[in-house]
Amino acid sequence: MIAFTRHSKMAEIILKDYQLLPVINRFGIKLGFGNKTVNEICEEKKVNVPFFLEILNSYHNSDYFPDKHFSDFNAEVMVEYLTNTHTYYLKSKVPHIELFIKKMEEEAQEENCRNISLLKTFFEEYKVDVEHHFKEEERSVFPYVLDLERALSTNNCSQELINKIKNDPIEVYERNHESLEVKLADLKNLIIRFLPPLHCEDDCEHLLTELFELECDIEDHTRMEEKVLIPKVKMLEKKVLEYYGN
Amino acid sequence: MEIENRKVHTIIASEQYLVRLGVKTLLNVIGLESEVHEADSYDELECILKDVPQTNFLILCEDIMQKQKMECFEGVKKSTCMCRTILIGKQQSERCMFDYFISQTSSRKSVVEKLQQFFYDPMTDDSQDEDSRGLSDREIDVLKAVALGCSNKEIADQLFISINTVITHRKNITSKLGIKTISGLTVYALMNNIIKPEEAM
């Protein structure tokens, strides 16, 4: 598979793989590209080009990932991207799924009403899990990553940060990093295998498509955290400890 | 259902005391409740197999088998066809008549994983048929308890079965239904009236 480069035309990229649409959205890039290249668009939007390309290519082709180029970026760019992705899930994906479940609930025959409301509750629980998971990352992991990078660029490192590296390193987070896909897979299984047939097949089909997409997207997202962010943070932790002689 | 109340018998056969001890320790690690018999020679192994014909699992280190014994063993294995076998050795040979294999150089993690498969996974031959069938009565009992929030220990006590049996049932339930999480199983149980809404937490 050919990788996209900085000279690829943005429009052609999307024509080739429409599933990249939500990805470019997270970088604040909107449609109406004309004939502009990746380079031109990124310059306009002040997006880091190599990072943007790595993300596009890794979403487009899962074998492309992980790549050594990732070590060239600031952790800051990555944290910003991951935070945007969290927002995208919660503000765009989750409400879509809720909408389809609601539609199905409205249209279901009596005997299926109860089943759909069970699925609804199940998804509500999942939403709470996901929100909690993201909040934890944004509250404790991401600021820590930024602190590490700042300590290296400003030559100024607090004792507090050193203690954290020693007592509560990223490895702890790595060990406890839960999978967010398992419950989604359960929900799909419940619908595909066990939900009695519905009259609103369209809505059900849309719902399933959304669930499949979200699952894939979250898998890529988790891969990014585990294969890119965590190794990067481990490297930063090591460097900080070396510089500050502890 | 009677099978569940029957004791599980496992034989560990190796010349080396340390190997036997190591295997026993790992059986504790994976939470196996079983009567363990140890054999430090091939003859001893044959004796135990005669005394305990209902042996379920045989863990055998290759140090106990000289070449000519391999053939004798083929006969022994056939006579205990119910028993599941695993070999610990240097290299897995092509015509290995053992169901599972652990390399002597494996890490702790992979040994534990292998032992878990060995003891808890359904054998591949019959698992496919199993999958297409619905849940058995006993599996429904276990599912009900899981959906009500019981721990494995509580389920074992309620149904008078061992924790291992509970774990095996849970694995089979998950592979039949394709549902892994407790909340997913609870939804299934509610959809199918296995538990009542007011019982669910």
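Notes on the structure follow. (Residues numbered from 1 in each chain as written. Chains lettered and ligands numbered in written order. Predicted model: local features only at pLDDT ≥ 70, side-chain atom pairs only at ≥ 80, totals over all residues. Heavy atoms only, no water.)

1. Focus on the side chain of H86(A)
Residue and element names in this part refer to chain A.
- For H86, the position within the fold is in helix 5 (residues 75–107).
- Reaching out from H86, the side chain makes a polar contact with the side chain of E137 at a distance of 3.1 Å.
- The contact partners of H86, leaving out residues within four places of it in the chain, are F134, E137, E138, F142, H221 and E225. (Helix = DSSP H or I, 4+ residues; strand = E, 2+ residues; numbered from the N terminus. Polar contact = N/O pair within 3.5 Å; in protein donor to acceptor, adjacent residues only side chain to side chain. Contact = heavy atoms within 4.5 Å.)

2. Concerning the interface of chain A and chain B
- The partner chain B presents 14 residues to the 14 residues of chain A that form the contact.
- Overall, the association of chain A and chain B removes approximately 1200 Å² of surface from exposure, summing both partners, and the carbon and sulfur fraction of that is 66%.
- Contact with chain B buries surface across chain A, with R114(A), D186(A) and F194(A) losing the most and accounting together for 39% of the total.
- Inspection of the region where chain A meets chain B yields 0 salt bridges.
- There are 7 residue pairs in polar contact (both at pLDDT 80 or more) connecting chain A and chain B. (Buried area = accessible area lost by both parts, 1.4 Å probe. Salt bridge = Lys/Arg side-chain N within 4 Å of Asp/Glu carboxyl O.)

3. Notes on a nonpolar patch on the surface
- Among the surface-exposed residues, Y17(B), L18(B) and L21(B) lie close enough to one another that they form a single nonpolar patch of about 330 Å² accessible area.
- Turning to its location among the elements, L21(B) is positioned in helix 2 (residues 17–29). (Patch = residues over 30% accessible without salt bridge, like charges linked within 9 Å, V, L, I, M, F, W, Y side chains within 5 Å. Areas by Shrake-Rupley, 256 points an atom, 1.4 Å probe, with all protein chains shown as cover.)

4. Things to note about the environment of C216(A)
- Mapping C216(A) onto the fold places it in helix 10 (residues 201–243).
- Through-space distance from the C-alpha of C216(A) to that of Y59(A) is 9.7 Å; in sequence the pair is 157 residues apart.

5. A few points about helix 6 (residues 110–154) of chain A
Residues and elements named next belong to chain A.
- In this model helix 6 runs 65 Å from its N-terminal to its C-terminal C-alpha over 45 residues, within 8% of the 66 Å that 1.5 Å per residue would give.
- Within helix 6, the axis deviates most sharply at E138, by approximately 35°.
- Count one or two residues on from helix 6 and you reach N155, which has phi positive near 55°. (Expected span 1.5 Å × (residues − 1). Bend = angle between axes of the 7 residues up to and from the residue.)

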